[in-house]
Amino acid sequence: MKIELTEGQVQANLGELRFIGAKPQFGFEDGKRTDVIETVTCNIGAPVVGGSIDIKLETNKVPNIKNYAVVKVVGLAYEPYATTTFNGNTRAKMMDRFTGIEIVPVNANDRLADENGEKIEEKPKATK
């Protein structure tokens, strides 16, 4: 079952999403890891669930976002599934799975680099 979430549903069920980090998953060929990124899994802070969630992206690019920036997930979907264990007893457990197309910062200043790939430097703050 795949449930596409609207922005209102995201706010109500997950809260303000914050980017914590990303982990690229590389492909394998003949038992050896290649340099080609196949998918990216992002860890996103979701205060309503009391912690964080992992979102598997349908892209091969690591998000260009500073840590702890407020983000929006394009095409966020919730895909729960059940697992069972057989240790003499049959136990079923519901598992959460989130997928998305891409993650973008809400504020453009929360990007790590500009469109040309140049690192964005923080502007010095004036002191009085």
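Rules behind the numbers
Residues numbered from 1 in each chain as written. Predicted model: local features only at pLDDT ≥ 70, side-chain atom pairs only at ≥ 80, totals over all residues. Heavy atoms only, no water. Helix = DSSP H or I, 4+ residues; strand = E, 2+ residues; numbered from the N terminus. Contact = heavy atoms within 4.5 Å. Pairing = 2+ DSSP bridges. Salt bridge = Lys/Arg side-chain N within 4 Å of Asp/Glu carboxyl O. Buried < 20%, exposed > 50% of the residue type's maximum accessible area, 1.4 Å probe, protein only.

Draft legend 1. Representation of the overall build of the protein. Across its full length, the protein holds one helix and 10 strands. Scanning the protein from its N terminus toward the C terminus, one meets helices and strands in the order β-α-β-β-β-β-β-β-β-β-β. Contacts spanning at least 24 positions in sequence make up 55% of the contacts within the protein whose residues lie at least 6 apart.

Draft legend 2. Representation of the sheet that holds strand β4 (residues 51-57) in the model. Strand order in this open sheet of six strands is β1-β6-β9-β4-β3-β2, and the pairing throughout is mixed. Each of the sheet's edge strands pairs with one partner strand only, and the pair in question is β1 (3-4) and β2 (18-29). Pairing of β2 with strand β3 (residues 32-46) involves 10 bridges; the strand directions are antiparallel. Residue pairing in the sheet places Pro24 in a bridge with Val40 of β3.

Draft legend 3. Broad picture of the pattern of salt bridges. One pass over the full model with this rule turns up two salt bridges. A salt bridge links Glu7 to Lys72; the shortest N-O distance between them is 3.4 Å. You can see Glu7 sitting in helix α1 (residues 7-13) and its partner Lys72 sitting in strand β5 (residues 71-74), a full 65 residues away along the chain. Looking at Lys72, the relative accessible area reads 39%, which means it is partly exposed. As a salt-bridge pair, Glu16 and Arg18 come within 3.2 Å of each other at their nearest N and O atoms.

Draft legend 4. Up close: the environment of Arg33. With respect to the helices, strands and loops of the structure, Arg33 is situated in strand β3. Residue classification places Arg33 among the exposed residues on the basis of a relative accessible area of 52%. Beyond its immediate stretch of four places on either side in the chain, Arg33 contacts Phe26, Gly27 and Phe28.

Draft legend 5. Examining the environment of Val49 more closely. Mapped onto the elements of the fold, Val49 is located in the loop between β3 and β4. Classification of Val49 as partly exposed rests on a relative accessible area of 45%. Distance in space between the C-alpha atoms of Val49 and Asn13 is 7.4 Å, their sequence separation being 36 residues. The contacts of Val49, once residues within four sequence positions are left out, are Asn13 and Leu14.

Scope: geometric values only; no functional claims are made or implied.
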